[in-house]
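Single-letter residue listing:
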Amino acid sequence: MKKILVLAGDYVEDYEIMVPFQMLQMLGYEVHAVCPGKKTGESVRTAIHDFEGDQTYSEKRGHNFGINYDFDKVNTADYAGLVIPGGRAPEYLRLNPRILEIVREFNNAKKPIAAVCHGPQILVSAGVLKKPQLHGLPGGKTRRGGRWRDLVRF
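Predicted model only: the values in this text are computed from it and were never measured.

Turning next to the pattern of salt bridges. Here the idea is simple: oppositely charged side chains can pair when their charged atoms come close. What the rule picks out here adds up to seven salt bridges. Taking the shortest distance from any N to any O, the salt bridge between Asp72 and Lys39 comes out at 3.4 Å. You can see Asp72 sitting in the loop between β5 (58-66) and β6 (81-84) and its partner Lys39 sitting in the loop between β3 (30-34) and β4 (43-50), a full 33 residues away along the chain. Across the pair Asp70 and Lys73 runs a salt bridge whose closest N-O atoms are separated by 3.7 Å. Its relative accessible area of 12% is what places Asp70 among the buried residues. Look at the salt bridges and you will find they share partners, linking Arg98, Glu101 and Glu105 into a network.

As structure tokens, this is what we get:
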């Protein structure tokens, strides 16, 4: 059975982790959800972001999402692809050297990487996007090379 790795962190967007996790399982993949500093059986908190007519989205507490594999045991050679959900988790996950190393290993092996919403912040921080052509929210901008760069194209 092919395996997919999902990078999680506290306040990951609820739907952006739950739906891919379940759909990939339905397609026959073994899906490992990992989080730095957390072990199998622990969980991350999720957030639900909603557009309710304000200038930005509102954030509400979501579910607890179960981590089903130890972060420290990840060997990227064991996986067919990588999923990076959005939410607020990428804001701090992109500061973790091992997270960036994992992304670079997937990229160097030319394995598929899916990054949703704020997930591309991790791709930029890992240096794997040279000329990004992504779509997203204005909050997806990132600071690189001393100035803010558009990660988004509308």
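Quick look at the confidence of the model for the chain now. When pLDDT is low, close inspection of the predicted coordinates is not appropriate. Model confidence for the chain is summarised by a mean pLDDT of 87, while 84% of its residues fall at 70 or above. Low pLDDT, under 50, characterises residues 146-154; the stretch is placed with 27 contacts to residues that sit more than four places away or in other chains.

The parallel open sheet is built from four strands, whose spatial order is β3-β1-β6-β7. Across the chains shown, the open sheet's two edge strands, defined by having one partner strand only, are β3 and β7 (113-115). Ignoring strand direction, the axes of neighbouring strands in this sheet form an average angle of 20°. The pairing of strand β1 (residues 3-7) with β6 spans three bridges and is parallel. Bridging from a neighbouring strand, Ile4 pairs with Gly81 of β6.

Cut-offs applied
- Residue positions are given per chain, counting from 1 as you read along its sequence in written order.
- Only residues with pLDDT of at least 70 are given local features in this predicted model, and only at 80 or more are side-chain atom pairs given and counted; all residues enter the totals for whole chains, interfaces and linings.
- Only heavy atoms go into the side-chain values, all of them from the structure, while hydrogens and water stay out.
- For this analysis, a salt bridge means a side-chain nitrogen from Lys or Arg found within 4 Å of a carboxyl oxygen belonging to Asp or Glu.
- The numbering of helices and of strands both runs from the N terminus, where a helix is a DSSP run of H or I of at least 4 residues and a strand a run of E of at least 2.
- In this scheme, a residue with accessible area under 20% of its type's maximum is buried, one over 50% is exposed, and one in between is partly exposed, where area comes from a 1.4 Å probe on protein chains only.
- Each residue carries a pLDDT score, the predictor's confidence in it, ranging from 0 to 100.
- Note on contacts: a residue pair is in contact if any heavy atoms of the two residues lie within 4.5 Å.
- Any two strands with at least two DSSP-identified bridges between them are counted as paired.
- A fitted line through C-alpha atoms serves as each axis, taken over the contacting stretch for helices, and the angle formed by two N-to-C directions is quoted from 0 to 180°.

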